[in-house]
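Remarks on the overall topology
The lines below spell out each chain.
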Amino acid sequence: MDTSKNKVFIITGAAMGLGLAAAKELASKRFYLTLVDYNEKSLGEAKAAISHEFPNVKIYTIVADVSDEEAVKNYVEETVKTFGRIDGFYNNAGIEGRQAGIAEYDISVFKKVIDINLMGVYYGLRYVLPVMKKQQYGRIVNVASVGGIRGVLNQMPYVASKHAVSGMTKNAALKYGRYGITTNAIAPGAILTPMVAEAFKQVNPDNPKAAETEYAQHNPTKRLGIPGEVAKVVAFLLSEDASYVNGQTIAIDGGESNIYGNV
Ligand SMILES: NC(=O)c1ccc[n+]([C@@H]2O[C@H](COP(=O)([O-])OP(=O)(O)OC[C@H]3O[C@@H](n4cnc5c(N)ncnc54)[C@H](O)[C@@H]3O)[C@@H](O)[C@H]2O)c1
């Protein structure tokens, strides 16, 4: 039996960047997808692009802000109503916030980063895990960051929220491993997405490309990652093959998180 057919996946932050790349990767395996994003226009464009490339894949889109608990409950319920189950959950939506020093950080931006990156991931777990428990099967990938395993200057709320994602991943893994559910996190380094392009603009508004080139020099591979490289790992962690990987935060960063000093 080809068990890869007709599995159902929810992807948050699916309109662009890492979410969109994962959606395309899963669509290429003919899975059914619920795509969630708060950017309605980009979400529509993402659906159109995926449907064009993979016309046989069923795609349901839901406009929702993951920091709104009711909206999260709704996208989970709607997915179960539409497709009958949830096999995999890519808990990906997140924002960077502004880059600023600790004492100067704008408190309202700080709280927004925590609301989306920490509470949004938690709400997703809160409503998806019981569905998977009933099924006695599920695969979850939460998106942390290298900022979830080490400090990053000028990004305190981001680093705090991503360490929390790694922590919540461990807790969910401990509690739900017995129900056939695995919960893991990924810790991407700098991957070329709209979020990272915006970060380089903040670092060097006059020449973002120079900031990108300079950053890449500190990576052992001397380059940034691309979304498809992350999507392949995510697809594996969301597959039946990853059945004994649980509670891990897996760096996808070209080896950057191992560096001590310059290389
Ligand atoms: N790109 C990287 O280098 C990198 C590195 C480490 C971690 N990450 C993490 O990966 C995830 C995706 O990042 P990306 O680079 O693809 O970003 P991106 O900004 O390119 O895309 C993020 C998508 O999420 C959506 N989104 C943001 N907040 C939302 C919310 N509250 N509700 C619903 N949708 C929301 C956006 O509309 C967008 O479509 C984030 O959690 C980010 O922190 C990215």
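Just above sits the structure.
Residues numbered from 1 in each chain as written. Predicted model: local features only at pLDDT ≥ 70, side-chain atom pairs only at ≥ 80, totals over all residues. Heavy atoms only, no water.

Some thoughts on the pattern of salt bridges
Tallied over the full model, the rule gives 13 salt bridges. A salt bridge links Glu-77 to Lys-73, with the shortest nitrogen-to-oxygen separation between them at 3.7 Å. Placement of both Glu-77 and Lys-73 in helix H3 (residues 69–83) is noted, with a separation of 4 residues, approximately one turn of the helix. By relative accessible area, which is 41% here, Glu-77 ends up partly exposed. Assessed through its relative accessible area of 29%, Lys-73 is described here as partly exposed. (Salt bridge = Lys/Arg side-chain N within 4 Å of Asp/Glu carboxyl O. Helix = DSSP H or I, 4+ residues; strand = E, 2+ residues; numbered from the N terminus. Buried < 20%, exposed > 50% of the residue type's maximum accessible area, 1.4 Å probe, protein only.)

Section: H3
A rise of 1.5 Å per residue sets the reference length of H3, with its 15 residues, at 21 Å; its end C-alpha atoms lie 21 Å apart and thus fit the reference within 8%. Buried residues along H3 sit in contact with strand S1 (8–12), strand S2 (32–37), strand S3 (59–63), strand S4 (88–91) and helix H4 (107–135). At the N-terminal boundary of H3, the capping side chain belongs to Asp-68, with an oxygen 3.1 Å from the backbone nitrogen of Glu-70. Downstream of H3 by one or two residues, Gly-84 has phi in the positive range, about 90 degrees. (Expected span 1.5 Å × (residues − 1). Contact = heavy atoms within 4.5 Å. Polar contact = N/O pair within 3.5 Å; in protein donor to acceptor, adjacent residues only side chain to side chain.)

Concerning the packing of helix H1 (residues 17–27) against helix H8 (residues 227–237)
With their axes 8 Å apart at the nearest point, H1 and H8 run at an angle of 55 degrees to one another. Taken together, the axis directions place H1 and H8 in an arrangement best described as oblique. As for the relative orientation of H1 and H8, their crossing is right-handed in sense. Note on element contacts: H8 touches H1 through Pro-227, Gly-228, Val-230, Ala-231, Lys-232, Val-234 and Ala-235, opposite Gly-17, Leu-18, Ala-21, Ala-22, Glu-25 and Leu-26. Each residue belonging to the contact of H1 with H8 can be placed in one class, and the counts come to 9 nonpolar, 2 polar and 2 charged. (Axes fitted to C-alpha atoms, helices over the stretch in contact; angles between N-to-C directions. Parallel < 35°, antiparallel > 145°, perpendicular 65-115°, else oblique. Left-handed = near helix turned anticlockwise from the far one by under 90°. Nonpolar A, V, L, I, M, F, W, Y, C, P; charged D, E, K, R; others polar.)

Points about the packing of aromatic side chains
Enumeration over the complete set of coordinates arrives at 7 aromatic pairs. Between the aromatic rings of Phe-9 and Phe-31, the centroid separation amounts to 4.7 Å while the plane-to-plane angle is 35 degrees, which identifies the pairing as tilted. With a gap of 22 residues between them, Phe-9 in strand S1 and Phe-31 in the loop between H1 and S2 connect regions that are remote in the sequence. Phe-31 carries the same exposure label as Phe-9, and that label is buried. (Phe/Tyr/Trp six-rings, centres within 6.5 Å; stacked < 30°, edge-to-face > 60°.)

Section: the site of the ligand
Among the 29 residues in the neighbourhood of the ligand, the closest are listed as Leu-18, Asp-37, Tyr-158, Ile-191 and Thr-193. Interatomic distance of 2.6 Å between a side-chain N/O atom of Asp-37 and an oxygen atom of the ligand. One of the side-chain N or O atoms of Tyr-38 is found 3.2 Å from a nitrogen atom in the ligand. Considered on its own, the ligand offers 830 Å² of accessible surface; in the complex 95% of this is hidden by protein. Elements with a minimum of two residues in the shell around the ligand: H1, helix H5 (156–176) and helix H6 (194–203). Take the shell around the ligand: its biggest share by element is 3 residues, from H6. In terms of residue class, the shell around the ligand is built from 18 nonpolar, 8 polar and 3 charged. Looking at the shell around the ligand, you find at least three residues from each of domain 1 (8–189 + 225–254) and domain 2 (191–224). (Near = heavy atom within 4 Å. Areas by Shrake-Rupley, 256 points an atom, 1.4 Å probe, with all protein chains shown as cover. Domains from an automatic or database assignment.)

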